[in-house]
Amino acid sequence: MQKTLSSKKWIWKRCRNDDAWAKIVQMQNSYHDAIKLIKNQFWINFLNNVEEKEVFQIYKFTKSRLIKKLLLIQNLQKELKIEFNEKCEAFLKAMYSSSSKIQINEELLSNESIQWSKVIKEKIKHVINFSALRKALESDDMSFAIIQRAYKTILKIFNLMYSNLIENDYHLKIWCEGTRIILKKSDKLNYSILKTYRIITLLNCLDKVAEKIIAVQLSYTAEINNKLLNFDQMKDRKQRSAINAVLNLVHDAQMTKSQENMLICLLLDVKEVFDHVALKQLIKILIKLKISVNLIN
């Protein structure tokens, strides 16, 4: 049937008349109907031969993927909200609470503060070329594939734009805009509580490139300056993992044993204990440590 359809298309390309086109449309409809019939027959045969655990596989196939409407939502004062605008306002206040702006006194930072390294072309090129192409798009529909092709054409403009914007601490207003999507957390009893939802934000791809460049700069600055990170800091550092931490612990244990001393190892789950960070206090500590304003921002 597929060969017949291709031959009909070949005939239409030669004559370009309405009769040939009508035959193509008729052939396409019959072709898709045949595919639907075969799929239906295959599905019926599969259901007839289901055994034991294959029932869960059928459940995955038939699981509803529709986007359901939000139920009644409780705000922070535990008042039920019905209207869509009221629900949106409740989500924004709960998950994007406005924090007061913190004034940083630059006079407290001496000349011995850690300097922010300049953005070089190789880092910009690396970030753009190695960005994942399958990312959800923002409202401007500009993907990483478009950015990569544009970068090859207007290389100098991209290098000037990112280097000047990042070094001058300027963030474009359009990059601050994003599309927020509300997702339900699975297996929750009461979906009227705000904590049973999570919000993901689809950001501009050009903004994502800038964020990745800044992340690379931060990683590089942290590695070349011993003041920022402790030598034994393993997490979020390149070429360091849990294996390195275990090797350090084993080395200390062997050294203690060779010196015939006693070793006590105390393991703390810091993430669970300090689940919230006071932003103002953190910035005060960074200022006392004479960290650069660019890093604090």
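Above this note sits the structure.
Residues numbered from 1 in each chain as written. Predicted model: local features only at pLDDT ≥ 70, side-chain atom pairs only at ≥ 80, totals over all residues. Heavy atoms only, no water.

### Re the nonpolar core
- Of all hydrophobic cores here, the largest spans 18 residues; its most connected members are Ile124, Ile128, Ile147, Phe158, Tyr162, Val209 and Ile213.
- Elements represented by at least two residues in this core include exactly α5 (121-129), α6 (144-153), α7 (155-167) and α8 (205-224).
- The element that contributes the greatest number of residues to this core is α8, accounting for five residues.
- If we skip the residues at most four places from it in the chain, Ile147 touches Ile128, Met142, Phe158, Cys205 and Leu206. (Core = buried A, V, L, I, M, F, W, Y, C linked by side-chain atoms within 4.5 Å. Buried < 20%, exposed > 50% of the residue type's maximum accessible area, 1.4 Å probe, protein only. Helix = DSSP H or I, 4+ residues; strand = E, 2+ residues; numbered from the N terminus. Contact = heavy atoms within 4.5 Å.)

### Some details on the packing of aromatic side chains
- With the rule as written, the count across this model stands at four aromatic pairs.
- Considering the side-chain rings of Tyr151 and Phe158, the 5.7 Å spacing of their centres and the 75° angle between planes classify their relative orientation as edge-to-face. Each member of the pair, Tyr151 as well as Phe158, carries the same accessibility label: buried.
- Between Tyr191 and Tyr197 the ring centres are 6.0 Å apart and the planes differ by 65°, which places this aromatic pair in the edge-to-face class. For the residue pair Tyr191 and Tyr197, the accessibility class agrees, reading buried in each case.
- An aromatic cluster is present here, built from Tyr151, Phe158, Tyr162 and Trp175 joined pairwise through their rings. (Phe/Tyr/Trp six-rings, centres within 6.5 Å; stacked < 30°, edge-to-face > 60°.)

### Focus on the side chain of Gln148
- Among the secondary structure elements, Gln148 is positioned in helix α6.
- Relative accessible area serves as the criterion here: at 15%, Gln148 is assigned to the buried category.
- Among residues more than four places away in sequence, those in contact with Gln148 are Ile128, Asn129, Ser131 and Leu133.

### Quick notes on the side chain of Ser163
- Inspection of the secondary structure puts Ser163 in helix α7.
- Side-chain polar atoms of Ser163 contact the backbone oxygen of Leu160, separated by 3.2 Å.
- Residues contacting Ser163, with those up to four places away along its chain left out, are Val119 and Ile124. (Polar contact = N/O pair within 3.5 Å; in protein donor to acceptor, adjacent residues only side chain to side chain.)

### What to know about α7
- With 13 residues, α7 ought to run about 18 Å at 1.5 Å a step, and its terminal C-alpha atoms sit 18 Å apart, in line with that.
- Among all positions of α7, only Phe158, Asn159, Tyr162, Ser163, Leu165 and Ile166 are buried.
- Tucked inside the fold, the buried residues of α7 contact α5, α6 and α8.
- Phi turns positive, to about 55°, at Asp169, one or two residues after α7. (Expected span 1.5 Å × (residues − 1).)

### Concerning unusual backbone geometry
- A positive phi angle, near 60°, is found at Asp187, a position not held by glycine.
- Mapped onto the elements of the fold, Asp187 is located in the loop between β3 (178-184) and β4 (197-203).
- Even without being a glycine, Glu260 presents a positive backbone phi close to 60°.

### Things to note about the packing of α5 against α7
- Following both chains from N to C, one finds α5 and α7 inclined at 105°, their axes separated by 10 Å at the closest point. One finds that α5 runs roughly perpendicular with respect to α7. On the side of α5, the interface is formed by Lys121, Ile124 and Ile128, while α7 contributes Phe158, Asn159, Tyr162 and Ser163. (Axes fitted to C-alpha atoms, helices over the stretch in contact; angles between N-to-C directions. Parallel < 35°, antiparallel > 145°, perpendicular 65-115°, else oblique.)

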